[in-house]
Amino acid sequence: MDSQSRAVKDKPFTDPVCGMKVHADPARSVTHAGHEYFFCSAGCMAKFRSNPQSCLDRAATPAPAVPVEGAIYTCPMHPEIRNSAPGSCPLCGMALEPLMPALDDGENPELVDFRRRFWWTLPLSVAVFGLAMFGHLLFAEGIRHQNIVELVLSTPVVLWAGWPFFVRCVHSVRNGSPNMWTLIGAGIAAAYGYSLVATFAPGWFPPTFAAHGGRVGVYYEAAAVIVSLTLLGQILELRARSQTSAAIKSLLGLAPRTARRIRADGAEEDVPLTHVHVGDALRVRPGEKVPVDGMVAEGESAVDESMLTGEPMPVTKRPGDKVIGATLNTSGSLVIHAEKIGSATMLSHIVQLVAQAQRSRAPMQRIADVVAGYFVVIVIAIALLTLLGWGFFGPAPSWVFGFVNAVAVLIIACPCALGLATPMSIMAATGRAATQGMLFRDAAAIEALHKVDTLVVDKTGTLTEGKPAFRHLVAAPGFDEAEVLRLAASIDQGSEHPLAHAIVAEARRRGMALEKPASFESSSGVGVRGVVSGRRLALGNTALMDAEQVDWHGLASQAEALRSEGASVMYLACDARLAGLLAVSDPIKASTFEALEGLCAAGLTVIMASGDGLTTAQSVARKLGITEVHGEVTPQDKLLLVERLQKEGKVVAMAGDGINDAPALARADVGIAMGSGTDVAINSAHLTLVKGDLRAIARARALSFDTVRNMRQNLGFAFIYNALGIPLAAGLLYPLTGHLLSPMIAAVAMSLSSVSVISNALRLRRTSP
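Attention in this report is confined to the structure presented alongside it. (Residues numbered from 1 in each chain as written. Predicted model: local features only at pLDDT ≥ 70, side-chain atom pairs only at ≥ 80, totals over all residues. Heavy atoms only, no water.)

What follows deals with the overall build of the protein chain. Looking only at helices and strands, the protein chain has 26 helices and 28 strands in total. Taken across its 769 residues, the protein chain has 55% of its residues classed as buried. Summed over its atoms, the accessible surface of the protein chain is roughly 31,600 Å², and 60% of this surface lies on carbon and sulfur atoms. (Helix = DSSP H or I, 4+ residues; strand = E, 2+ residues; numbered from the N terminus. Buried < 20%, exposed > 50% of the residue type's maximum accessible area, 1.4 Å probe, protein only. Areas by Shrake-Rupley, 256 points an atom, 1.4 Å probe, with all protein chains shown as cover.)

With that settled, the discussion passes to the pattern of salt bridges. Enumeration over the complete set of coordinates arrives at 29 salt bridges. One salt bridge in this structure joins R318 and E300, with 3.6 Å as the shortest N-O distance. Pair noted here: R318 is in the loop between β12 (315-317) and β13 (322-323) and E300 is in the loop between β10 (293-298) and β11 (301-304), with a separation of 18 residues, a long-range link. Judged by its relative accessible area of 43%, R318 is partly exposed. Using a relative accessible area of 46% as the deciding quantity, one classes E300 as partly exposed. E339 is the salt-bridge partner of K322, the closest N and O atoms lying 2.9 Å from each other. (Salt bridge = Lys/Arg side-chain N within 4 Å of Asp/Glu carboxyl O.)

Turning our eyes to something else, we now look at the sheet that holds strand β17 (residues 454-457). Strand order in this open sheet of seven strands is β16-β28-β27-β26-β17-β24-β25, and the pairing throughout is mixed. Of all strands in the sheet, those bounded by a partner on one side alone are β16 (438-440) and β25 (628-630). Strand-to-strand twist of the sheet, defined as the mean angle between neighbouring strand axes without regard to direction, takes the value 20°. Looking at chain direction, strand β24 (residues 605-609) and β25 are connected through three bridges and run parallel. Note that in β25 the partner of A609 across the bridge is H630. (Pairing = 2+ DSSP bridges. Axes fitted to C-alpha atoms, helices over the stretch in contact; angles between N-to-C directions.)

Let us look at the pairing of strand β15 (residues 334-340). As judged from the four bridges shared by strand β9 (residues 281-284) and β15, these two strands associate in the antiparallel manner. Considered in β15, the bridge of L282 is made with I336. Pairing of β10 with β15, which is carried by five bridges, proceeds in the antiparallel orientation. Looking across to β15, one finds that V296 is bridged to I336.

In a regular helix each residue adds 1.5 Å, so 21 residues correspond to 30 Å; helix α13 (residues 415-435) covers 32 Å between its end C-alpha atoms and thus fits that length. Among the 21 residues that make up α13, 19 are buried, leaving the element largely enclosed by the rest of the structure. Remark: G437 follows α13 within two positions and exhibits a positive phi of approximately 80°. (Expected span 1.5 Å × (residues − 1).)

Time to look at the packing of aromatic side chains. Summed over the entire model, instances satisfying the criterion amount to ten aromatic pairs. Consider the rings of Y192 and Y220, whose centres lie 6.0 Å apart with planes at 70°: the pair is edge-to-face. Note that Y192 is positioned in helix α6 (residues 180-200) and Y220 in helix α7 (residues 220-242), a separation of 28 residues in sequence. You can call Y220 buried: its relative accessible area is 0%. Taken together, a centroid distance of 4.2 Å and an interplanar angle of 20° make the contact between Y194 and F403 stacked. Note that Y194 is positioned in helix α6 and F403 in helix α12 (residues 398-412), a separation of 209 residues in sequence. Under the relative-accessibility criterion, Y194 is labelled buried at 8%. Its relative accessible area of 13% is what places F403 among the buried residues. Ring-pair connections join several aromatic residues into one group, and the members of that group are F114, F165 and W181. Directly above the aromatic system of W160 lies the positively charged group of R117, at a separation of 5.2 Å from the ring centroid. Between R168 and the ring centre of W181, over which it is positioned, the NZ or CZ distance is 5.1 Å. (Phe/Tyr/Trp six-rings, centres within 6.5 Å; stacked < 30°, edge-to-face > 60°. Lys NZ or Arg CZ within 6 Å of the ring centre and 35° of its normal.)

No statement about biological role is implied by the geometric values presented.
Written out as structure tokens, the structure is:
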């Protein structure tokens, strides 16, 4: 950062465009190509070099547009760019698009503008091209007259239709961010300016510039046709790019617009979804969509959740079960109590995660970013060398050949194909994954998943249903069974663990009066401590009993017998004495067997790490065919296990759903959270499975392979296209073929390069992970 920029950080600066104060917070600045950008209060971006300048993205807006109130616009190639209105990117000149698409979004204003310019001027481009090819038949004796007519026809095309190109070209130079528009603007300006001088002052050119017939040739048709072809390419690209937001729009379209609310007097009314409040009783009739996230209070029905989870079979919902907003009630009538509304619903969370992932950068893009940073300068240098090389060493008319080839080099080069190679693949893949109930946090997670060779899984809620049921209780000598259950349920009221819920539910089923703990402390993966009725309680595994210096061996044989049958056992200590043990069973998910079979067939090594006793974990593992098992592990143990595997050269994924899994989820190469798990686990993970079905891991991994292959194809095409196109445009094959590449053909190739990359990326939307 230069001295002027440092001064701005100390003294607020007012953006001269919008009049707002520029943020001096370094956390809101972005460094690019050695320059630092700051955001102003209006969402603009001001760039500081030797002198403060105004908001670049607004200055580069090609056409006026009405912004959507509250919307934020960003660049697909540079997601760090944020603007409060449509426009073009100050770094690459690409049209900005909404960060979060809306169902009522109109057409991209740039698409509307470019389409109008294209169709209004296309007849002129066709006419000037026809004159260039066959004008000698009409103006056999008046070459100057033909040039004047071509000038008149091409000028509206170049100066009006091509005006946005020149604006972006100038801004790219002024901002020190050369891009595709630098090359296109320079190429069109060179062809048009050269022709203008050749028309009115042909004597300025030396004889070596004379073409056949002794006249200086003009290239109005090249300038006009390049503008029209570039506009056509941009129209095709903008249309293709708009399809990448189709997944988000389809998700937004799932939400119903109204809900049927049951009033306190029992009457029912249809209200807008925005008028629903937490706690409202809502009726969902057969064939209607569930309006918000909630809990079933009355009724029983099969609910189709496939639109959010990818699960094709409807799920039966009964009182006490959770329902997700935007899912379809297929049969019976339900009454639900609203629990999450607006942006707090699962649907909103999915949309936000998809949008966030689509704007992230894949590690694979780094090479392309490095190349793109020097690309334009290298291309301009090649164009100058082409001009000079042909001028001094080429056949007559050498300078004419040199000029035509130099323009072709400028036009055919396309840094956008490199810049779009991975962002388009990521946008298509994350949208497709979301419709299958798989939410990637960012592009790095997609790229990393295909490398995973080891999967560490938690047991409860991951391999099992996560809905354990109370099974058995054993009281130690001197304690009553009912008292043991009452005390255990009282202390467990503050726990979020599914095993605790089973104990509390059993106590309430028996009609026991539970007491509120005077104090409560949870140790993830170990158990809970607290004070109930003046007695200090500890409920958990043997590690907790050892920490509390409680001798648990008196009930060890009963505990081992229950564990061997797959039950989870917890000891209760009361005032440092063993009070009893409680056993809870959690059935294995029906889908787990199929999921593990598929993962092992794909070459993954599956390891179980559970906070339950080793015997319990081994019992479950034997049923599932898992050979490596770790029992009674703490959150720290799970973290150390992941780190050890990584040091052994493994690429590790960790799947879990609880708070105790969060450290390992964050440390793993890919952390996978069950959508039914805790918020802490979900926030720590790189991939969330909405349904919590392990079969989705195999689907996500297959999509990861497809996406990485697609990105490599795009990058390979972009590199090969430029590696072959630029030398071809420079005329290196002329000695062998005797032909040169016309700048107009170069314009076609340039326009199709970005469209080809986007079209290839969009194929991911049709894959079936």
